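Residue-level structure breakdown
Residues per chain, in single letters:
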Amino acid sequence: ETRRYARNLDPSHPLQHLALARALLTVADSASTVLPQGNERERFLAQTLAEAEESVNRSLSLRPTATGLYVRTLIFDRQGRLEEAISQIENLILRSPQDAVLRFDLGVLHIRAGNKERARMAFESALERSPTYANAKWYLAALYEESGEIERAIRQLEDLVVLNPSDSSVQDKLHL
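Reference entry: report on the structure contained in this document. For every chain, the first residue of its written sequence is number 1, and the numbers climb from 1 along that sequence. Restriction of local features to residues with pLDDT of at least 70 applies here, the model being predicted, together with a cutoff of 80 or more for giving and counting side-chain atom pairs; totals for whole chains, interfaces and linings are based on all residues. Water and hydrogen atoms were dropped before computing side-chain values, which therefore reflect all heavy atoms in the structure.

**What to know about a nonpolar patch on the surface**
Residues enter patches when their relative accessible area tops 30% and they take part in no salt bridge; the joining distance is 9 Å for like charges and 5 Å for the nonpolar side chains Val, Leu, Ile, Met, Phe, Trp and Tyr. The accessible surface values rely on the Shrake-Rupley method and a 1.4 Å probe; as for residues, cover is taken only from the protein chains in view. For this document, the term salt bridge refers to a Lys or Arg side-chain nitrogen within 4 Å of an Asp or Glu carboxyl oxygen. A cluster of nonpolar side chains, namely Val27, Val34, Leu35 and Phe44, defines an oily patch on the protein surface of about 330 Å² accessible area. Tracing the chain through its elements places valine 27 in helix H2 (residues 14–34). Judged by its relative accessible area of 39%, valine 27 is partly exposed. In DSSP terms, a helix is any run of H or I states spanning at least four residues, a strand is any run of E spanning at least two, and both are numbered starting from the N terminus. Under the scheme applied here, a residue whose accessible area is under 20% of the maximum for its type counts as buried, over 50% as exposed, and between as partly exposed, the area being computed with a 1.4 Å probe on protein chains only.

Okay, here's the thing in structure tokens:
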């Protein structure tokens, strides 16, 4: 409610709309984990995400920003609109080609959309830009393992052990 109030006080300020969109996205994420499955939950999530999308679109119409585009990507993802989320994040990558995090996020979206080869390329691309990106190594190891490239998976996991020696889940996976 505070974000809505702030937006209403200054409706021409794009950051007020963006702040509301981010707050609504947080509410939707929390609700998806605490509300019981059912029609009421799905209705609440759909309404909350629709309002978040409306707010971010208003923000972007007032002043397009990379942050606004990224928030819209997250909203599309939560709405199950994966192809639109992928397209949005690809546009962000064009604006920031060295951003490993965007490439990692693209990989996760591709996995969710069932595009494992594209996910693999995105994770590899993230690691080209940030060779110690642990999450990209973890996901890439899983994709290598799934495709039968066990040696490549092991190399990624060995790197992770060096980067995070106290992470027992990496050591357990490596032993398997």
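Next, the rest of the story.
**Focus: the nonpolar core**
Take the buried Ala, Val, Leu, Ile, Met, Phe, Trp, Tyr and Cys residues and link them wherever side-chain atoms come within 4.5 Å; each set so joined is a nonpolar core. In terms of nonpolar packing, the biggest core is built from 26 residues, with Val56, Val71, Ile75, Ile89, Leu102, Leu106 and Leu109 touching the most fellow members. At the level of elements, H2, helix H3 (39–62), helix H4 (66–78), helix H5 (82–95) and helix H6 (100–112) are the ones that each hand at least two residues to this core. When residues of this core are assigned to their parent elements, the largest contribution, seven residues, is made by H2. Contacts are assigned to residue pairs with any non-hydrogen atoms lying within 4.5 Å of each other. Setting aside residues no more than four positions away along its own chain, valine 56 makes contact with His17, Leu18, Ala21, Gly68, Val71, Arg72 and Ile75.

**Considerations on the packing of helix H8 (residues 134–146) against helix H9 (residues 150–163)**
Where H8 meets H9, the closest approach of the two axes is 8 Å, and the angle between their N-to-C directions is 155 degrees. The angle between H8 and H9 falls in the class roughly antiparallel. Note that H8 runs across H9; the crossing there is left-handed. For the pair H8 and H9, the contacting residues are Ala134, Lys137, Trp138, Leu140, Ala141, Tyr144 and Glu145 in the first and Ile150, Arg152, Ala153, Gln156, Leu157, Asp159, Leu160 and Leu163 in the second. Here the contact of H8 with H9 is built from residues that sort into ten nonpolar, one polar and four charged. Between N-to-C directions, angles cover 0 to 180 degrees, with each direction set by a line fitted to C-alpha atoms, over the stretch in contact for helices. Small angles under 35 degrees read as roughly parallel and large ones over 145 as roughly antiparallel, with 65 to 115 read as roughly perpendicular and the rest as oblique. Should the near helix be turned anticlockwise from the far one by less than a right angle, the crossing is termed left-handed; should it be turned clockwise, right-handed. When residues are sorted by character, Ala, Val, Leu, Ile, Met, Phe, Trp, Tyr, Cys and Pro go into the nonpolar class, Asp, Glu, Lys and Arg into the charged class, and all the rest, Gly among them, into the polar class.

**A closer look at the pattern of salt bridges**
Scanning all chains against the criterion turns up 14 salt bridges. Between arginine 81 and glutamate 84 there is a salt bridge, and its shortest N-O distance comes to 2.8 Å. A residue is classified by how much of its surface remains accessible, and glutamate 84, at 38% relative accessible area, is partly exposed. The closest approach of N and O atoms between glutamate 149 and arginine 120, which form a salt bridge, is 2.5 Å. Here arginine 120 lies in helix H7 (residues 116–129) and glutamate 149 lies in the loop between H8 and H9, a separation of 29 residues in the sequence.

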